[in-house]
Amino acid sequence: MDPPDNTRGGQPPHQSDGTSDRFGHLFDLIGDAVIELEFVDTTPIVRAVNPAFEEIFGYDSEQVLGESLNDYIIPESHDTDANAFDERTAAGKSNHAIVRRRTATGLREFLYRGVPYEREDGRRFGFAIYSDITEQRTYERHIKVIHRILRHNLRNELSVILGTAQLLEADADRETVQSRAATIEKHAHELASIGKEAQTLEGLLTNDRQPEPRDVVPICADAAEEIRGHTTGTVEVELPDRLQLLVVPELSTALEALIENGLAHNDNDDPTVCVSGGYEAKRAVVEIADNGPGIPDSEREPVFADGQITQLQHGTGLGLWLARCTAEVCDGHLEYDRVDGWTVVRLVLRPA
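Residues numbered from 1 in each chain as written. Predicted model: local features only at pLDDT ≥ 70, side-chain atom pairs only at ≥ 80, totals over all residues. Heavy atoms only, no water.

### A closer look at the packing of aromatic side chains
Each aromatic ring pair is specified by the distance between its two centres and by the angle formed by the two planes.
Right, on to step 1. Within this structure, the stated rule accounts for 10 aromatic pairs.
Right, on to step 2. Between Phe57 and Phe110, the aromatic rings sit 5.5 Å apart at their centres with planes inclined by 20°, giving stacked as the arrangement. With Phe57 in helix α2 (residues 51–57) and Phe110 in strand β4 (residues 106–118), the pair connects residues that are 53 residues apart, well separated along the chain. You'll find Phe57 and Phe110 in the same group, each marked buried. (Phe/Tyr/Trp six-rings, centres within 6.5 Å; stacked < 30°, edge-to-face > 60°. Helix = DSSP H or I, 4+ residues; strand = E, 2+ residues; numbered from the N terminus. Buried < 20%, exposed > 50% of the residue type's maximum accessible area, 1.4 Å probe, protein only.)

### Section: the packing of helix α9 (residues 251–264) against helix α11 (residues 319–329)
Right, on to step 1. The contact between α9 and α11 brings their axes to 9 Å, and the two run at 145°. At the point where α9 passes α11, the crossing takes the left-handed sense. Of α11, the residues touching α9 (which contributes Leu251, Thr253, Ala254, Ala257, Leu258 and Asn261) are Gly319, Leu320, Leu322, Ala323 and Thr326.
Right, on to step 2. Looking at the contact of α9 with α11, its residues break down into 7 nonpolar, 4 polar and no charged. (Axes fitted to C-alpha atoms, helices over the stretch in contact; angles between N-to-C directions. Left-handed = near helix turned anticlockwise from the far one by under 90°. Contact = heavy atoms within 4.5 Å. Nonpolar A, V, L, I, M, F, W, Y, C, P; charged D, E, K, R; others polar.)

### As for a nonpolar patch on the surface
Right, on to step 1. Together, Leu154, Leu158 and Leu162 line one region of the surface with nonpolar side chains, adding up to about 250 Å² of accessible area.
Right, on to step 2. Within the fold, Leu158 resides in helix α6 (residues 134–170). (Patch = residues over 30% accessible without salt bridge, like charges linked within 9 Å, V, L, I, M, F, W, Y side chains within 5 Å. Areas by Shrake-Rupley, 256 points an atom, 1.4 Å probe, with all protein chains shown as cover. Salt bridge = Lys/Arg side-chain N within 4 Å of Asp/Glu carboxyl O.)

### A closer look at the layout of surface pockets
Right, on to step 1. In this structure, the largest pocket occupies an estimated 1300 Å³ of space.
Right, on to step 2. Per element, the largest residue contribution to the lining of the largest pocket is 6 residues, and it comes from α6.
Right, on to step 3. The residue makeup of the lining of the largest pocket, split by class, is 14 nonpolar, 10 polar and 16 charged. (1 Å grid on protein atoms, 1.4 Å probe; cavity = no way out; pocket = protein on both sides within 12 Å on 5 of 7 lines; lining within 4 Å. Points joined across faces, edges and corners; volume = space filled by probe spheres on them.)

### Some details on the pattern of salt bridges
Where side chains of opposite charge bring their charged atoms close, a pairing between them can arise.
Right, on to step 1. Considering all chains together, one arrives at 17 salt bridges under this definition.
Right, on to step 2. When the shortest N-O distance is used, the salt bridge between Glu38 and Arg123 registers 3.0 Å. Taken as a pair, Glu38 in strand β1 (residues 33–40) and Arg123 in the loop between β4 and β5 (124–132) lie far apart in primary sequence, 85 residues in all. Taken individually, Glu38 and Arg123 each receive the classification buried, so the pair is uniform in this respect.

### Quick word on the sheet that holds strand β3 (residues 95–103)
Right, on to step 1. Across the sheet, 5 strands lie side by side as β2-β1-β5-β4-β3; this open sheet has antiparallel pairing. Strands at the two margins of the open sheet, each flanked by one partner only, are β2 (43–49) and β3. When strand polarity is set aside, the average angle formed by the axes of neighbouring strands in this sheet is 35°.
Right, on to step 2. In this sheet, β5 lies alongside β1 in antiparallel orientation, the contact comprising 6 bridges. Looking at β5, one finds that Glu36 is bridged to Phe127.
Right, on to step 3. Docked against the sheet, helix α5 (residues 79–90) engages β1, β2, β3, β4 and β5, running at close to 130° with respect to β3. (Pairing = 2+ DSSP bridges.)

### Quick word on the sheet that holds strand β7 (residues 234–238)
Right, on to step 1. Across the sheet, which stays open at both edges, the 5 strands sit in the order β7-β9-β10-β12-β11 with mixed pairing between neighbours. One side of each edge strand has no neighbouring strand; the edge strands of this open sheet are β7 and β11 (333–339). Strand-to-strand twist across the sheet, computed as the mean angle between neighbouring axes with direction ignored, equals 20°.
Right, on to step 2. Direction of pairing for β11 relative to strand β12 (residues 342–349): antiparallel, over a ladder of 7 bridges. Counterpart to His333 in the pairing with β12 is Val348.
Right, on to step 3. Where helix α8 (residues 216–228) meets the sheet, it contacts β7, β9 (272–280) and β10 (283–290), and its direction lies at approximately 170° from that of β7.

### Examining the environment of Asp270
Right, on to step 1. With respect to the helices and strands, Asp270 occurs in the loop between α9 and β9.
Right, on to step 2. Expressed as a C-alpha distance, the spacing of Asp270 and Gly292, which sit 22 residues apart in the sequence, is 9.4 Å.
Right, on to step 3. Leaving out residues up to four positions away in the same chain, Asp270 has contacts with Thr234 and Asn291.

Set out below in structure tokens:
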């Protein structure tokens, strides 16, 4: 295989009119990852990378030059799509798509553009340009969730409140009035919780939150005590003396929402939630476990598996989305498990 025409390791091909110097500055200084590829058959062989590629994907140019780009950044589940893009670029066609790629910090979402060109000797080349849009996509996804859940849940809760108020007005029986009043109080509380969670989510999505070191043990204890004050059931806290993590203030509201969900959607005779946590290898976790029936697939998949979001698939409020968004802002993630009849929602966070 012929060596690349470049005389600088990460520099694009030279041109004779001085354009190469200007293009070289663009190639080196642009914040997007840019890779120059030569297509051998349809295999994308790396001929040059810019500094942004090295920083984002975590490979020095020496590691990837002369190698297939796909071996380094394509997740196994995306091989087919990547091969289709390579075939198009090798055939002289441009590509434009939103893709997921392996990076130095895990899977990220990118706006990918493949730009082909052919040299005078007939060799086929192209540029792959990756613009990281992970935060933008996360923001759009959460805003979409907020709008749809609020529209659905607020409508349902208000319908119950208004209907019950009409029955109260028409019914003079004292015992019945008390029962109706209790129903109004319950659903009004649901509305208040949704409003609090929505306000917290809005703050997470619209403000520049930077995680800071905090001992989460008292945060968990306070969240548990808050829920004990207005919900029936048992809330247990089993934590070490100290658990120092990088978190944002919204963690407390997210924990309250998870604890309350674990009790409210629990058909056990003795509904119980256990809050635990600790360090695990290179990560730390805070777990909310309950002895209820588990989270329905329609509720779980959009949150934990990026399933389709529809209005009717969300009836339990914003709690799970708030927890997921909080974990992501803290550079962590949310996990779900079902262990020995217990439902476990796990906030995976970074130790401080």
